[in-house]
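Here's the letter readout for the chains.
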Amino acid sequence: MRLKTSLQKEPKHILCYTRKFHLISKSGRVEKSVDAHKGAVLSGRWSYFYFSLLAGEDGQVKIWSRSGMLRSTLTQNSNTVYGVAWGPDSDQVLFTNGRQLVIKSLQANAKPTMWKAHDGVILNVDWNPVNNLILSGAEDCRYKVWDTYGRIMYSSSVHDYPITSVAWTPNGELFAVGSFNTLRLCDQAGWSYSLEKPNTGSLFKLAWSSDGTQVAGACGNGQVLIAHVIEKRLEWKNYEAVVVGSKQIQVRNVMNEAVEKLDFRDRVIKVSLCFNHLVVATASQCYIYNTKNWNTPMIFDMKEGNISLILQAEKHFMLVDSSNVYIYSYDGRMVCSPKYPGMRADILNYQTVSLSNDTVAIRDKTDEKVIYVFDAQNGKPLGDGKPITHKLEVMEIALDQCGPATERRLAIIDKNRDLYLTSVRVFGTERKSNKLGNMIQSLCWNDSANMLAALADGKFTVWYYPNTIYVDRDLASRTVFEKEASEFGKNPQLLNFIGNHIIIRRAEGSLVGTGISPYPAILHSYVQNSRWDDAVRLCRFVKDDVLWCCLAAMSAYAKELNTAEIAYAAIKEVNSVQLYNWDRALELAVKHKTHVDTVLGYRQRYLERFEKKEKNKRFLQYSEGIEIDWEKIDAKIEMEYQKERERPERTPAPSGAGISDKPERSERPRGRSQYSGH
């Protein structure tokens, strides 16, 4: 990705900053001029609610109404204030104070946040409402990225000249940096995409277009610089799409080197490539290409040209503009437009909205603990209309992509960077969240199987079957793949997880790939199609405990008890072989006149865990008059284990080569497994 620059002629009329500011209509007519400061007005910003913020040489920061009336003087500093910016909710103001940055709340008596940010005078700042990150540039020839607590996210190397201007794109994915004869395009993480060297003098001010595809710069030589973002590159499986010009995209199939050039009548704003479809949003239309046919796209007109986000699922995709969220099918038909009171579509991003074939999830900006979930087919709130409420502020959400709608799961990363898994749809019981991990930097669901990858606490982690947490907590840690993430550098980010291949972006911007075993994905496909015999054959062939643990949890969740019995026996979890087969367990205990209290005790624990009451007549009958004494139960269980250890081991018969249809002797449950009710 890079910027293509062009210079405009010197304007005939130049509006200079003096101690006045001017309100100008769209037609260019000066509506009002106001004396604002004792000295030059150096910086001004509009808020989301159309209040203006001005700062000047006299060190004052003032807030003005849209009609030019003074509302308040926020602060009086001894230093010149070179830059100001509104906070995401327009309830805080960021301004410079020499080498310091200051965040001040509009609430009375609120203590400001202040920190030393640079070794030279800070010349410009910007605060993005989408990613909530702060950008600063100073005379020490560095630009830096900060969070709202004053913690540094990125610090550039020393440039040749002071950094005179910085500006975020509206969606917060990129930012531009200006200096003497220098324009740099950067990722939100701080690293540089491209560097241009126009002959302009210092770039004193930068401003992005509302769609984030063009940036304008006020140059020291009196000219206006216009730059277009081009060469954005997307990859999906064997396809690569590159925005080679402001109105042209080139698609290449790396399997056969076939190249397609796609031309558009308007400027390309947003592009997304996934699930066998390329979706292109221009200033006025949306184009939908199928990877099997690049000649005849589906085209429809859009109400607004400010598309800030495109998300794709297998059956449909989402467009987000400055005011609404739209779900479209791949034939160009609008499916629905989910809404909730107070929704701000202009600040939605990949971390705060998620889409699957049947569900839309959106984190609320007003209360960041709240997540609204909608049916993707009609846009109506799911269930009783109540949103999901997490105990802490939510930083990132992601829906899994496969399986039936009734089993849809939502991954949540909260303010503590803890990872939780919660059910989207709830039938008759209270929704519960289960914690999967902590210190999560980045996560991504697989596109074709419900496997979840994450970068967590210095490790690359993949949960092969996250649903295990709902089935058997003891197995949850045994269905996870982990390896050191030091090879990916500091603060890497997961980009996509397709098949058994994961793409990771390192902190300096380079892309690296890593892979996992292909067998978990194959196992998922067998289970999704109820091919349980093939799933067992696969596990016997691979001979991997992790795969057996996944199959045990999958079959137990699906209540495929025969397969569960084989899988639990294979991982030597004989206590769980008869899991949920309560009637059979009680029948065996009564028949052999032993361990009836064991079955009843584990049955009681099971019901308490899931907050259920006993309704089985046989269990109600036998529970009368039987006391559950866990010391006696544990003693009898230990006795059974002792008998099993003293029993001579049988030598299994030789098995044939390849994958056998019959379970081996060592996989058959023995001893306590035939009557245990746990």
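In this report, we go over the structure that sits alongside the text. Predicted model, so just to flag it, every value in this text is computed and none were measured.

Another aspect to go through is the overall build of the chain. Helix and strand counts for the chain stand at 10 helices and 49 strands. Dimensions of the chain, computed from the C-alpha atoms along their principal axes, are close to 100 × 65 × 45 Å. By residue count, 51% of the 678 residues in the chain fall in the buried class. Pairs at least 24 apart in sequence give 43% of the contacts found in the chain among residues at least 6 apart. Side chains of the chain give 88 positive and 77 negative charges; the mean places of these two sets differ by 3 Å.

For Ser308, the location among the structural elements is in the loop between strand E30 (293-301) and strand E31 (309-312). Contact partners of Ser308, with chain neighbours within four places excluded, come to Asn171, Lys270, Val320, Asp321 and Ala345.

As summarised here, the arrangement of the 4 strands in space is E16-E17-E18-E19, forming an open sheet in which the pairing is antiparallel. The open sheet is flanked by strand E16 (165-168) and strand E19 (192-196), the only strands paired with a single partner. Sheet twist, expressed as the mean angle between neighbouring strand axes with direction ignored, is 15°. The pairing of E16 with strand E17 (residues 174-179) spans 4 bridges and is antiparallel. From the neighbouring strand, Val166 faces E17, where its bridge partner is Val177.

On inspection of all chains with the given rule, the structure shows 0 disulfides. Of all cysteine sulfurs, the one in Cys549 lies closest to Cys550, which takes part in no disulfide; the gap is 7.1 Å. The class of Cys550 is buried, set by a relative accessible area of 2%.

Spatial strand order, E43-E44-E45-E46: 4 strands in an open sheet with antiparallel pairing. Both outer strands of the open sheet, strand E43 (440-445) and strand E46 (480-484), are each paired with one neighbouring strand and no more. Pairwise comparison of adjacent strand axes, ignoring direction, gives a mean angle of 15° for this sheet.

What follows deals with the pairing of strand E6 (residues 60-64). The element E6 is largely enclosed, with a buried count of 5 among its 5 residues. Side-chain alternation along E6 places Gln60, Lys62 and Trp64 on one buried face and Val61 and Ile63 on a second face that is also buried. Looking at chain direction, E6 and strand E7 (residues 70-76) are connected through 5 bridges and run antiparallel. Looking across to E7, one finds that Val61 is bridged to Thr75.

Let us now look at the packing of helix H5 (residues 545-557) against helix H6 (residues 561-570). Two elements in contact, H5 and H6, have axes separated by 8 Å at closest approach and are oriented at 150°. Compared by their axis directions, H5 and H6 come out roughly antiparallel. When you trace H5 past H6, the crossing you get is left-handed. Of H6, the residues touching H5 (which contributes Trp548, Leu551, Ala552, Ser555 and Ala556) are Thr563, Ala564, Ile566, Ala567, Tyr568 and Ala570. Classifying every residue of the contact of H5 with H6 by side-chain character gives 9 nonpolar, 2 polar and no charged.

Turning our attention to the environment of Leu311. Secondary-structure assignment places Leu311 in strand E31. Residue classification places Leu311 among the buried positions, given a relative accessible area of 13%. Sequence-wise, Leu311 and Trp548 are 237 residues apart; in three dimensions their C-alpha atoms are separated by 35 Å. Leaving out residues up to four positions away in the same chain, Leu311 has contacts with Phe317, Met318, Tyr350, Val353, Ser354 and Leu355.

Scanning the model with the defined rule gives 19 aromatic pairs in all. Ring plane angle 55° and centroid distance 5.8 Å describe the contact between Trp115 and Trp146, whose orientation is recorded as tilted. With Trp115 in strand E11 (residues 113-116) and Trp146 in strand E14 (residues 143-146), the pair connects residues that are 31 residues apart, well separated along the chain. Taking the relative accessible area as the measure of exposure, Trp115 reaches 10% and is therefore buried. Aromatic ring contacts, followed pair by pair, group Tyr239, Phe264, Tyr287, Tyr289 and Trp294 into a single cluster. The ring centre of Phe619 lies 4.8 Å from the NZ or CZ of Arg603, which sits over that ring. The residue whose ring lies beneath Arg605 is Trp630, and the NZ or CZ to ring-centre distance is 3.7 Å.

Definitions and limits used
Residues numbered from 1 in each chain as written. Predicted model: local features only at pLDDT ≥ 70, side-chain atom pairs only at ≥ 80, totals over all residues. Heavy atoms only, no water. Helix = DSSP H or I, 4+ residues; strand = E, 2+ residues; numbered from the N terminus. Buried < 20%, exposed > 50% of the residue type's maximum accessible area, 1.4 Å probe, protein only. Contact = heavy atoms within 4.5 Å. Lys, Arg positive; Asp, Glu negative; His and termini not counted. Charge placed at Lys NZ, Arg CZ, Asp CG, Glu CD. Pairing = 2+ DSSP bridges. Axes fitted to C-alpha atoms, helices over the stretch in contact; angles between N-to-C directions. Disulfide = S-S within 2.5 Å. Parallel < 35°, antiparallel > 145°, perpendicular 65-115°, else oblique. Left-handed = near helix turned anticlockwise from the far one by under 90°. Nonpolar A, V, L, I, M, F, W, Y, C, P; charged D, E, K, R; others polar. Phe/Tyr/Trp six-rings, centres within 6.5 Å; stacked < 30°, edge-to-face > 60°. Lys NZ or Arg CZ within 6 Å of the ring centre and 35° of its normal.

The analysis is restricted to geometry; functional conclusions fall outside its scope.
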